Amino acid sequence: MWWIAVIAGLIVAGVSQLAERFPRLGALLLTLPIISIVAFVAVWNKEQDLTTVSRLARETLILVPLGLPFFIPLAVSDRLGLGFWSSFALGVLLASATISLWFWLGPEATK
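The notes below deal with the structure included here.

About the criteria used
- Residues numbered from 1 in each chain as written.
- Predicted model: local features only at pLDDT ≥ 70, side-chain atom pairs only at ≥ 80, totals over all residues.
- Heavy atoms only, no water.
- Helix = DSSP H or I, 4+ residues; strand = E, 2+ residues; numbered from the N terminus.
- Rg over C-alpha atoms; globule rule 2.2 N^0.38 Å.
- Buried < 20%, exposed > 50% of the residue type's maximum accessible area, 1.4 Å probe, protein only.
- Areas by Shrake-Rupley, 256 points an atom, 1.4 Å probe, with all protein chains shown as cover.
- Lys, Arg positive; Asp, Glu negative; His and termini not counted.
- Charge placed at Lys NZ, Arg CZ, Asp CG, Glu CD.
- Patch = residues over 30% accessible without salt bridge, like charges linked within 9 Å, V, L, I, M, F, W, Y side chains within 5 Å.
- Salt bridge = Lys/Arg side-chain N within 4 Å of Asp/Glu carboxyl O.

**So, the overall build of the chain**
A count of helical and extended segments in the chain gives six helices and zero strands. Traced from its N-terminal end to its C-terminal end, the chain shows the element sequence α-α-α-α-α-α. For 111 residues, the compact-globule estimate of 2.2 N^0.38 gives 13 Å, and the chain exceeds it by more than 25% at 17 Å. A principal-axis box enclosing the C-alpha atoms of the chain has dimensions of 50 × 35 × 20 Å. Residue burial in the chain is summarised as follows: out of 111 residues, 13% are buried. Accessible surface computed for the chain: about 8500 Å², of which carbon and sulfur atoms make up 72%. In the chain, 7 side chains carry a positive charge and 6 a negative one; their mean positions are 5 Å apart.

This is the structure we're talking about:
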């Protein structure tokens, strides 16, 4: 499924180019679940099992909000005088903490 990697790379390149000139449009593209849509289609084409797709959708629905703390330090970095890499690292740390807590304290995943 090399085409998934090509699509993801093109999306990242396109968003970064667009965000340089139009940050709001770049953000809009980032909010679209394009990679998720491609992944769901790929899983469906491979498995042809709606139960697998449904479980993937439920887990994604839970994990997306848990990853949102990643954006907080980047969003306020200019106000706090933080650099890009420190804001980025802090965001990764925050998102990792919320997601790790879910894996630790949340219900066990079923296969």
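Additional details are given in the paragraphs that follow.
**Some details on a nonpolar patch on the surface**
On the surface, a nonpolar cluster with roughly 530 Å² of combined accessible area is contributed by Ile72, Leu80, Leu82, Leu90, Leu93 and Leu94. Elements that contribute at least two residues to the nonpolar patch include exactly α5 (71-80) and α6 (84-105). Take Leu93: it is sitting in helix α6. When its relative accessible area of 56% is taken as the criterion, Leu93 is described as exposed.

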